[in-house]
Each structure stands twice: as C-alpha cells, then as structure tokens.
Amino acid sequence: MAQLTTEQLIDIRRHLHEYPELAMHEFKTHDFLLNTIQTFNQKNLEIRELPDLPTALLVYIQGSDPKRTIGYRTDIDALPVTEETGLPFSSKNTGIMHACGHDVHMTVALGVLNWFSEHQPKDNLIFFFQPAEESENGGKVAYEQGTFKGKWLPDEFYGLHDNPHLPAGAIGCRMGTLFAGTTEVNVDLIGKSGHAAYPQAANDMVVAAAEFIGQVQTIISRSVDPIEGGVITFGKLDAGTIRNVIAGQARIEGTIRGLTQKMIEHIVARLKQIANGVAISYGAQVNIQFNQGGYLPVENNSALTKRFIEFAKQDPATEFVETEPAMTGEDFGYLLSKIPGTMFWLGVDDPKSQLHASTLNPKESSIAKGIHSIVDFLEYRQQERN
C-alpha cells in the first residue's frame, strides 16, 4: 500500500467506530489494526505481539541513521456507553462506544505509521497500540511486563488525546501537567440497624455517612492551596432498604483528582483523618480503601515539551493552542513517569458534546491535519542530532 488517502483514513476511522471493544477485549480491533499495518511497506518494519497482553501491538521502524528511539502511543479501547449520535456508522456493538475518541487516536497513529513506512526516518520509531486505557491501566501493565526493553525502549514518548472543545486539527499542549492523576476511594460505614421508632437502640449510618460527606467538602475548600487545585467527588451512596428501618450500613464510592501525585497523597491523608474522626464521633466502624492503581498525573517533560510547543507555534501546518490542565485522567501518565515525553491535544471540534458522552461526534477533518502536524514534528525532531 502506498500513502493512505484522506478517504481511506476516514474509512478506517468509521470501521473502528462501528466495532468498539472494551478494555482487554479489543481482539477484533487488534486484528483489524494488524491486518492494516501488514498492508504497509514492510521493508523497515518489525511487528511484535505480546502474549501476556494479547490485544496490544508494537511496531518498530528502523531508522537510517538513528541517534535515538522515539515512541508514539495510541489507545485502542472503548467505553460501556450506548451511542446516541444517529450516525450511519454508529456502533454495532450494543452498549459500547468510542465515546472518548480512541477511533480517531488509532486512525491518526496508523496514518503517521503509514507515512514513515514509505519515508524511512533517520531515528528509530516505535508505535505502541495500547489496550485498556479507560480501565485496567494498560500502559502500566505493559511496562511492568517488561515490554519496553532493549531496542523496544523509547528514549522519548509522545501521545495525543482528542479534544472536542478545540478547532478540528488544532494541537493543544502545555508545560507541566496536562491531565490530573486519579485515585478511586470506597468508604464502608458499619453501625447497627433498627426500627425507625427506636433510634436510641440503633446506630444510624445514613447520618454518619452524611456527616462524613459534609466534612470531606472542607478538604478542597480549606486544606488545599486554591492555586494548586484538587477534586473529590462522591458519585455513589448506598444505604438502607426501606423508609422505616434505620440503616446499619452505608457505602460511599468516589474519585480523587489532583494535578500532582503529592496533592493526591495529601487528599488521601485528610480523608483518612476524617474517617477516623467520624468513626469515633458516631461509634461506628469506618473502613476506607483507596485504589492505589489509579492513574498518575500526565506530567509532560519540560525539555521535550518546550521543544514540541516551540515547533508547533512556528509550523505553518499546525494551529497551536496553549491549554489549561484538565482534571480528567489518562493512563499515559504512568509511562511518562518512566520515560520522558509529551502528551498533547488534537482538536476535533464538537463543542456541544464532551468526552465520554453518548453524542460525541469528532470532525473527521481533524485526522489528516493531526497526521500532518505529528509527521512534521517527528521529522523536525530527527533533524536534531543531539
């Protein structure tokens, strides 16, 4: 296959959109990606599959005069969302949708890979088609399995995320943190159930849960530097079975967000203190668990990101936007904690919707523009011999 045309890229994106798959189950996605890559010029390509991460793919392109190995990562999984776009190529997999735009991510990666299969780069390139970004931390799993060793270890790593609130094809980035880190939290409160008419004989966990939630609101408002920022959201509360029985148990489930890992650790410590206080005040047992496998902040490497932004600002093919940090999470943060690199936004111009929404409908014109900007940057980067 020669260079992919815009029409072929759109066909690829629409196929991927029609057949989304959830984390660690991206088997047909994997096969489609593999079959597509096998149509590219294979002269300098090496394809590697991972037996312990069977839906992942790695592709290595040998450089003509390598001084470094540059990695590019794309995520491939979808979300448990029922699509409501009404598009003729809507998801055919019931209750599953590429509601975070990973179909666009994959198509852009294939376009960049296809370009360099036809135009041998100076530096070595690695393309990582990663499963399980939305859950199960696929990037961390791959790293801990020893995937990135020897020639498969990039010296620097890049990746994008689509952004419906930027113009189609625009590139957005910033120094420092792009995405927040995340940690899930579950709180179980255990007291004693009883008849609603005899509260003195019971220990009401609805009241204790309400007190806990109320006190937690002071963490962000009074324990966190407002310039640094953080988020605690409790999205689920289960307690009781009927109106005239005092609930002896309650469960609260939520998420913590912070722009640095230090901030997340600070919030976790304050949550533990409040849990201990509520347990003493209400004579209850309060068990609090944190998912320490949550996502690390996406912290861009300062030197590489400065270079990336400077290039994007002067590249005639790129519309650059300097963006604010986002409180959404992204598991590329783990890889960037091990390998220096940069994550950036690709605008897809759907301002009436948002990421993870059932109505997300990225502008397909963003695909070719994104490929052009990334190819331009990677070619520029390879001109630097230090």
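Computed from a prediction, not measured in an experiment: that's the story for all the values here.

What counts and how
- Residues numbered from 1 in each chain as written.
- Predicted model: local features only at pLDDT ≥ 70, side-chain atom pairs only at ≥ 80, totals over all residues.
- Heavy atoms only, no water.
- Helix = DSSP H or I, 4+ residues; strand = E, 2+ residues; numbered from the N terminus.
- Buried < 20%, exposed > 50% of the residue type's maximum accessible area, 1.4 Å probe, protein only.
- Contact = heavy atoms within 4.5 Å.
- 1 Å grid on protein atoms, 1.4 Å probe; cavity = no way out; pocket = protein on both sides within 12 Å on 5 of 7 lines; lining within 4 Å.
- Points joined across faces, edges and corners; volume = space filled by probe spheres on them.
- Nonpolar A, V, L, I, M, F, W, Y, C, P; charged D, E, K, R; others polar.
- Pairing = 2+ DSSP bridges.
- Right-handed = clockwise from strand over helix to strand, strands pointing away.
- Axes fitted to C-alpha atoms, helices over the stretch in contact; angles between N-to-C directions.
- Parallel < 35°, antiparallel > 145°, perpendicular 65-115°, else oblique.
- Left-handed = near helix turned anticlockwise from the far one by under 90°.

Undergrad: Outline the overall build of the protein, listing residues and values.
TA: For the protein, the helix and strand inventory stands at 9 helices and 16 strands. When its C-alpha atoms are laid out on the principal axes, the protein stretches across 80 × 45 × 40 Å. When the 386 residues of the protein are sorted by exposure, 54% land in the buried category. A separation threshold of at least 6 residues defines the contact pool for the protein, and within that pool the share at least 24 residues apart is 81%.

Undergrad: Any chance you could break down the layout of surface pockets for me, citing the residues and the numbers?
TA: Taken as a whole, the largest pocket spans an internal volume of roughly 700 Å³. Lining the largest pocket we find 28 residues, and of these Thr182, Arg257, Thr328, Gly329 and His356 sit closest to its centre. Of all the secondary-structure elements, those providing two or more residues to the lining of the largest pocket are strand 5 (156-163), strand 8 (181-190) and strand 12 (249-258). When its residues are assigned to classes, the lining of the largest pocket shows 7 nonpolar, 14 polar and 7 charged.

Undergrad: Got a sec to walk through the pairing of strand 4 (residues 124-130)? Specific residues and values, please.
TA: Burial within strand 4 is extensive, with 7 of its 7 residues counted as buried. For strand 2 (residues 57-61) and strand 4, the ladder comprises 5 bridges, and the chain directions are antiparallel. Note that in strand 4 the partner of Tyr60 across the bridge is Ile126. For strand 3 (residues 69-75) and strand 4, the ladder comprises 7 bridges, and the chain directions are parallel. Bridging from a neighbouring strand, Thr69 pairs with Asn124 of strand 4. In the classification by handedness, the crossover that spans strand 3, the intervening helix 3 (residues 102-118) and the parallel strand 4 is right-handed.

Undergrad: Explain the packing of helix 7 (residues 302-314) against helix 9 (residues 365-383) to me, using residue names and the numbers behind them.
TA: In contact at an axis separation of 11 Å, helix 7 and helix 9 are set at 120° when each is read in the N-to-C sense. Accordingly, the angle class assigned to the pair helix 7 and helix 9 is oblique. Between helix 7 and helix 9 the crossing geometry is right-handed. For the pair helix 7 and helix 9, contact is made by Leu304, Arg307, Phe308 and Phe311 and by Ser373, Asp376, Phe377, Tyr380 and Arg381, respectively. Looking at the contact of helix 7 with helix 9 residue by residue, the class counts come to 5 nonpolar, 1 polar and 3 charged.

Undergrad: Break down empty space enclosed by the protein for me, with residues and values.
TA: Applying the stated criterion to the full structure yields 1 cavity of 30 Å³ or more. For the largest cavity, the calculated volume is near 100 Å³. What lines the largest cavity is a set of 13 residues, among which Phe308, Phe344, Ser373, Ile374 and Phe377 lie closest to the centre. Going through the elements one at a time, helix 7 and helix 9 are the ones with two or more residues in the lining of the largest cavity. At 4 residues, the largest contribution of residues to the lining of the largest cavity is made by helix 9.

Undergrad: Please provide a residue-by-residue account of the environment of Ile219, values included.
TA: If you trace the backbone, Ile219 turns up in helix 5 (residues 205-222). Remark: the alpha-carbon pair of Ile219 and Thr36, spanning 183 residues in sequence, is separated by 50 Å. Setting aside residues up to four positions removed in sequence, Ile219 forms contacts with Val224, Ile232, Ile267, Arg270, Leu271 and Ile274.

Undergrad: Before we move on, can you summarise the pairing of strand 5 with the specific residues and values?
TA: For strand 5, the buried fraction is high: 8 of the 8 residues fall into the buried class. Side chains Glu156, Tyr158, Leu160 and Asp162 project from strand 5 onto one buried face, and the interleaved Phe157, Gly159, His161 and Asn163 project onto a second face that is buried too. Inspection of the sheet shows strand 3 paired to strand 5 by 4 bridges, in the parallel sense. Within the sheet, the bridge partner assigned to Arg73 lies in strand 5 and is Gly159.

Undergrad: Can you explain the sheet that holds strand 4? Please cite residues and give values.
TA: Ordered by their spatial adjacency, 8 strands build an open sheet running 1-2-4-3-5-16-6-15, and the pairing between neighbours is mixed. Looking along the sheet, the strands with just one partner apiece sit at the ends: strand 1 (45-49) and strand 15 (320-322). If you compare each strand with its neighbour and ignore which way they point, the axes differ by 25° on average. Alignment of strand 5 against strand 16 (residues 341-347), held across 7 bridges, turns out to be parallel. Across the sheet, residue His161 finds its bridge partner in strand 16, namely Trp345. Against the sheet, helix 7 contacts strand 5, strand 6 (171-173), strand 15 and strand 16, and its axis sits at roughly 35° relative to strand 16.

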